[in-house]
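# Structure assessment
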Protein chains: 2
Amino acid sequence: MKREERLVTQITPKSEDFSRWYVDVIRRAELADYAPMKGMMVIRPYGYAIWENIQAHLDRRIKATGHVNAYFPLFIPESFLRKEMDHLKGFAPEVAWVTHGGQEELEERLAVRPTSEAIIGAMYAKWIQSWRDLPVLINQWANVVRWEKVTRPFLRTTEFLWQEGHTAHETEEEAREETLKILRLYQEFIETELAIPVIAGKKTSKEKFAGALETYSVEALMSDGRALQMGTSHHLGQHFSRVFNIRFEDRNQNLQYVWQTSWGVSTRLIGAVIMSHGDDSGLKLPPRIAPIQVIIVPISIGNWKEKVLPVALDLEKKLAAAGIRVKLDAREEYTPGWKFAEYELRGVPLRVEVGPRDIKENQVILVRRDNGEKLATSQDNLVERIIDCLEAIQKNLFTLALNFQKENTHDVDSYEDFKKIIEERRGFIRAWWCGEVSCEEAIKEETSATIRVIPLEKIREGEGCCLYCKKKATDYVYFARAY
Amino acid sequence: MKREERLVTQITPKSEDFSRWYVDVIRRAELADYAPMKGMMVIRPYGYAIWENIQAHLDRRIKATGHVNAYFPLFIPESFLRKEMDHLKGFAPEVAWVTHGGQEELEERLAVRPTSEAIIGAMYAKWIQSWRDLPVLINQWANVVRWEKVTRPFLRTTEFLWQEGHTAHETEEEAREETLKILRLYQEFIETELAIPVIAGKKTSKEKFAGALETYSVEALMSDGRALQMGTSHHLGQHFSRVFNIRFEDRNQNLQYVWQTSWGVSTRLIGAVIMSHGDDSGLKLPPRIAPIQVIIVPISIGNWKEKVLPVALDLEKKLAAAGIRVKLDAREEYTPGWKFAEYELRGVPLRVEVGPRDIKENQVILVRRDNGEKLATSQDNLVERIIDCLEAIQKNLFTLALNFQKENTHDVDSYEDFKKIIEERRGFIRAWWCGEVSCEEAIKEETSATIRVIPLEKIREGEGCCLYCKKKATDYVYFARAY
């Protein structure tokens with residue numbers, strides 16, 4: 001038992017070294033493991049179960065807004081990528097190339113998709129003829145590969161899982177509406193299901209997607225004060241429709257190029273959950289995406305098998321029947337104390353302890369992972385109480401994250417203050433910017449902070465001067481050091 | 001309208017040319033389309049929705065038997081494949097090789113997974129230490145690539161989607177039990193959800209998986225009389241655990257190699273559904289996997305918008321609330337007749353026609369896709385009647401397929417009869433076989449028929465002589481020409 005007790009606590013404290021803490025949590029909670037190939041990871045069952053829950057919640061929303069799923073090929077001929085030069089340049093350094101099939105060398109090498117605009121564009125050119133065929137609203141759940149130099153589990157890996165939506169529309173206005181509709185869908189989904197507040201806004205030209213007219217993103221603040229891009233939604237304009245010749249006969253019998261969008265979120269969201277909510281004891285999972293929402297630990301003393309176990313089994317059955325993801329851990333080779341630590345590490349939102357004394361008093365002890373609160377709770381209407389408690393935990397995790405975000409968002413007017421805060425406290429910094437890429441680049445060079453978004457919501461009234469060049473500002477924007 | 005009416009009927013009759021009929025159905029029903037790269041396909045939304053339903057039904061069964069999902073890397077280093085030589089030889093001709101990442105040539109080339117035994121073996125060696133870690137019961141939903149020379153949509157494509165289960169056990173017996181448990185799970189799933197009867201059995205050594213000790217499969221008879229392998233379950237023995245060094249400390253503190261299984265079904269199942277149930281009018285989808293189970297077509301004559309449409313909308317709402325996948329097609333630019341043909345082509349199991357006259361008589365017309373039956377049905381308790389009707393359709397499709405299979409299964413004792421039947425009638429042929437690969441190969445060479453399985457169920461009592469060499473037979477087996 002000794003050895004295992006120690007294992008549970010074998011996580012680098014978050015405050016000591018955030019990066020090591022992050023990796024320790026992933027490995028100890030068995031979310032993922034390093035594959036033998038550089039930069040690649042294996043998503044282990046516990047991590048994959050989180051992804052399945054994320055998929056279910058998001059897929060429902062994607063379908064409810066009229067989109068359908070499909071599947072496009074993994075390989076994209078090099079000539080297809082070459083058609084849109086910005087797109088090629090943006091992705092060329094990151095592409096894994098297939099050059100041989102079986103024993104033969106291929107005539108044209110194939111890219112393992114880094115994203116699917118090019119192959120989907122080629123298919124849409126076949127499928128779309130008339131305005132009656134529009135809009136096309138297709139999403140794909142798939143793996144993609146980007147040959148990254150520096151990798152970190154979930155946040156940046158050579159291969160990752162994602163969904164990529166690709167839509168085609170009659171008008172520019174409709175495409176922009178779709179872009180923003182999805183951005184808001186991502187925001188609502190991330191805030192509701194992952195309990196992570198995000199800032200929705202537009203990327204600067206420098207930061208936009210290779211081949212897009214405009215890129216929008218939702219950005220969150222991790223608990224180390226660095227920003228993470230949680231999802232992007234691109235208004236592609238007619239860039240791809242022109243090179244792939246995706247044309248339709250409009251309502252006046254004129255040939256027009258379609259207007260397109262694309263948008264995606266990935267397994268990176270799991271990294272965001274870890275970094276937003278976790279603490280020194282490990283993960284804290286929002287109930288809505290937790291593979292195990294409730295862990296029942298019987299206190300194995302005295303005649304617990306006769307008195308306690310039947311109550312625990314009964315509760316497990318009732319919770320499962322109510323649709324709660326519940327697990328009873330009645331293993332005898334582990335102590336209750338070991339189990340407490342283990343499921344805390346794994347971020348299980350709610351623990352139910354039940355021992356001989358609780359049975360006598362017709363109660364159980366509920367222990368919340370979000371705040372450590374212990375509640376002696378009557379066994380009457382226990383299922384309802386537990387459901388309420390899970391909802392309270394979900395809400396509280398969001399509130400905690402929102403408070404953290406607010407406390408770590410600073411409005412500054414001077415570049416001196418900016419540098420000081422970015423160095424000492426990190427977080428989001430909001431400031432006036434002139435719209436010039438030169439100032440954006442200089443600030444990045446000098447502080448490692450980038451413009452995360454030009455927010456959709458107007459934050460500050462009036463006019464101001466650019467933080468860097470002091471010329472007239474166009475936007476009040478979010479800066480941060482980012483992952 | 002003329003042009004579209006013609007389009008609906010633009011399918012080669014099944015009896016005229018089965019292969020062309022198959023491809024016509026796939027393209028006209030928009031299940032899939034050819035990608036611009038040889039041998040690759042795009043699964044279009046209607047086809048992908050069938051796959052999603054298949055996944056949901058199968059995933060539920062996989063989880064109910066204690067398995068969990070995970071995700072392993074797409075790429076496998078060549079040296080890993082080389083560790084198990086049978087495995088390498090089996091797959092080497094079919095592997096797509098990645099040789100470059102970004103601008104750099106890789107030191108070791110990477111296989112795009114043709115199957116994942118090798119990479120999963122390497123991970124299991126890390127994860128498994130003790131008998132307490134066993135069994136490991138992991139499944140993966142993924143894409144795989146096999147560089148096929150001759151391809152056919154859904155049946156054999158360069159890339160396909162599948163699930164692959166990979167388990168590790170303490171004992172050989174447990175591994176064999178798992179292999180057979182999954183085989184039976186596949187059988188029950190395919191018969192229940194896809195309405196396709198299958199024969200469960202063992203593959204001959206010649207036909208077994210590269211690296212397996214034993215391979216089992218479920219085989220179905222398509223409506224052209226050719227067999228299709230629907231799914232396989234492999235008892236891997238210790239082949240992979242020995243080369244990947246997957247060892248555990250057993251209950252007596254001895255180091256042992258684990259016993260493994262692997263098993264999979266793929267998007268090929270969609271091809272099986274098309275070929276088992278379809279007819280000259282197109283697809284016939286079993287209700288349990290149909291993306292649209294009920295199509296409501298209002299008869300757009302007279303004052304239908306005032307009288308008929310509200311009833312149709314109300315029925316749509318009620319069916320959706322009851323969990324039925326329903327669609328109301330009230331488009332005015334298409335005639336009811338065009339819609340009838342279109343949804344027949346797409347295999348929608350049940351059509352509800354409702355016109356002004358039906359409203360007067362408080363009825364609707366139900367038209368079954370499986371047998372063409374038209375039933376004037378009261379609007380009272382209509383939802384229940386429709387649910388019953390869908391169940392009847394599901395059962396009838398299975399019965400029809402089972403009758404076809406029985407009628408096309410022939411027991412023969414002479415090789416002359418065998419050749420005659422295989423040439424004139426195809427189907428399954430059951431005969432005695434001596435167990436020698438030489439006879440198996442000679443029969444294949446001379447008739448193109450292969451041994452599909454040595455059935456699990458004993459079919460014929462007594463003893464017999466090998467169909468080919470006349471020596472004493474060991475098994476009574478299923479032969480067929482196969483896809």
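This one's a predicted model, so the numbers in the text were calculated from it and none came from an experiment.

## Examining the overall build of chain A
Looking only at helices and strands, chain A features 16 helices and 23 strands. Against the 2.2 N^0.38 benchmark of 23 Å for 483 residues, chain A shows a C-alpha radius of gyration of 25 Å, consistent with a compact globule. Expressed along its principal axes, the backbone C-alpha trace of chain A runs to roughly 80 × 60 × 45 Å. Evaluated residue by residue, chain A yields a buried proportion of 49% over its 483 residues. Taking as baseline every contact in chain A between residues at least 6 positions apart, the subset at least 24 positions apart corresponds to 68%.

## Some thoughts on the sheet that holds strand β15 (residues 294–298) of chain B
All names here are of chain B. Taken in spatial order, the five strands make up an open sheet running β16-β15-β17-β18-β19, and their pairing is mixed. Edge positions in the open sheet fall to β16 (326–328) and β19 (374–378), since each of these has one partner strand only. Pairwise comparison of adjacent strand axes, ignoring direction, gives a mean angle of 25° for this sheet.

## Observations regarding helix α7 (residues 172–193) of chain B
All names here are of chain B. Spanning 22 residues, α7 covers 31 Å between terminal C-alpha atoms, matching the ideal 32 Å at 1.5 Å per step. Restricting attention to buried positions, one finds in α7 the residues A175, E178, T179, I182, L183, L185, Y186, F189, I190 and E193. Projected onto a plane normal to the axis of α7, the buried residues spread over an arc of 160° and lie on a single side. On its buried face, α7 sits against α3 (45–64), β8 (159–169), β9 (199–202), β10 (214–221), β11 (227–237) and β14 (259–266). A positive backbone phi angle near 60° is found at A195, which sits one or two residues after α7.

## Section: the pairing of strand β7 (residues 136–145) of chain B
Residues and elements named next belong to chain B. Burial runs high along β7: seven of the ten residues are buried. Pairing analysis gives two bridges linking strand β3 (residues 68–69) to β7, with the strands arranged parallel. When the sheet's bridge partners are listed, V68 is paired in β7 with I138. Where β7 lies against β8, ten bridges are found, and the strand directions are antiparallel. Paired with Q140 across the bridge in β8 is E164.

## A few points about the relation of the copies chain B and chain A
The two copies are related by a screw operation: chain B maps onto chain A through 180° of rotation and 0.0 Å of translation along the axis, at an RMSD of 0.0 Å. Accordingly, the operation relating the two chain copies is best matched by a two-fold axis. Among all residues of chain B, the minimum C-alpha distance to the rotation axis is found for B:V98, at 2.1 Å. Looking at the interface residues of chain B, 100% of them are also at the interface in chain A, so both copies use one shared face.

## Some details on the interface of chain B and chain A
Listed per partner, the contact involves 42 residues of chain B and 43 residues of chain A. Broken down by class, the residue content of the side of chain B that touches chain A amounts to 29 nonpolar, seven polar and six charged. Pairing between strand β5 (residues 96–101) of chain A and strand β5 (residues 96–101) of chain B: five bridges, direction antiparallel. Bridged to A:A96 within β5(B) is B:G101.

## A few points about the domain arrangement of chain A
Residue and element names in this part refer to chain A. Considered domain by domain, chain A is made up of domain 1 (8–277), domain 2 (294–392) and domain 3 (409–480). Placing a centre on the C-alpha atoms of domain 1 and another on those of domain 2 gives a separation of 39 Å. Listed as interface residues are five residues of domain 1 and, on the opposing side, six residues of domain 2. Of the residues contributing to the side of domain 1 that touches domain 2, the split by class is three nonpolar, one polar and one charged.

## Here we look at the pairing of strand β23 (residues 475–480) of chain A
All names here are of chain A. A large share of β23 lies buried, amounting to five of its six residues. Where strand β22 (residues 450–455) meets β23, three bridges bridge the pair, whose relative direction is antiparallel. Note on β23: the bridge partner recorded for I451 is F479.

## Some thoughts on the environment of A:D224
All names here are of chain A. Among the secondary structure elements, D224 is positioned in the loop between β10 (214–221) and β11 (227–237). For D224, a count of 16 C-beta atoms within 10 Å puts it in the partly exposed group. Between the C-alpha atoms of D224 and Y257, which are 33 residues apart in sequence, the distance is 45 Å. Excluding residues that lie within four positions of it along the chain, D224 makes contacts with F18 and M275.

## Quick word on the sheet that holds strand β20 (residues 409–411) of chain A
Strands belonging to one sheet form pairs held by backbone hydrogen bonds; the direction of such a pair is parallel or antiparallel. Read across the open sheet, the eleven strands follow the order β3-β7-β8-β14-β11-β10-β9-β22-β23-β21-β20 (chain A); overall the sheet is mixed. In this open sheet, the two strands that pair with only one neighbour each are β3 (68–69) and β20 of chain A.

## Concerning helix α14 (residues 382–407) of chain B
Across its 26 residues, α14(B) extends 37 Å between first and last C-alpha, which sits within 8% of the 38 Å expected from 1.5 Å per residue. For α14(B), the full list of buried residues reads B:I386, B:C389, B:L390, B:I393, B:Q394, B:L397, B:A401 and B:Q405.

## A word on the nonpolar core
Formed by 293 residues in total, the largest nonpolar core has its most connected members in A:I296 and B:I296. Contacts of B:I296, omitting those with residues within four sequence positions, involve B:A312, B:L315, B:E316, B:V326, B:L328, B:V352 and B:V354.

## Digging into the packing of helix α3 (residues 45–64) of chain A against helix α7 (residues 172–193) of chain A
Residue and element names in this part refer to chain A. Where α3 contacts α7, the axes come no closer than 11 Å and their chain directions differ by 150°. For the crossing formed where α3 meets α7, the hand is right-handed. Here α3 contributes H57, L58 and R61 to the contact with α7, which in turn contributes L185, F189 and E193. Grouping the constituent residues of the contact of α3 with α7 by class yields three nonpolar, one polar and two charged.

## Points about the confidence of the model for chain A
Residue and element names in this part refer to chain A. For chain A, mean pLDDT is 95; residues scoring 70 or higher make up 98% of the total. Every residue in residues 1–6 is under pLDDT 50, and counting partners more than four places away or in other chains gives four contacts. This prediction of the complex comes with two scores: 0.96 for pTM and 0.96 for ipTM.

What counts, and where the lines are drawn
- Residues numbered from 1 in each chain as written.
- Chains lettered and ligands numbered in written order.
- Predicted model: local features only at pLDDT ≥ 70, side-chain atom pairs only at ≥ 80, totals over all residues.
- Helix = DSSP H or I, 4+ residues; strand = E, 2+ residues; numbered from the N terminus.
- Rg over C-alpha atoms; globule rule 2.2 N^0.38 Å.
- Buried ≥ 20, exposed ≤ 12 C-beta atoms within 10 Å, placed from the backbone.
- Contact = placed C-beta atoms within 7 Å.
- Pairing = 2+ DSSP bridges.
- Axes fitted to C-alpha atoms, helices over the stretch in contact; angles between N-to-C directions.
- Expected span 1.5 Å × (residues − 1).
- Arc of directions from axis to C-beta.
- Least-squares fit on C-alpha atoms with pLDDT ≥ 70 in both.
- Nonpolar A, V, L, I, M, F, W, Y, C, P; charged D, E, K, R; others polar.
- Domains from an automatic or database assignment.
- Core = buried A, V, L, I, M, F, W, Y, C linked by C-beta atoms within 7 Å.
- Left-handed = near helix turned anticlockwise from the far one by under 90°.
- pLDDT = per-residue confidence, 0-100.

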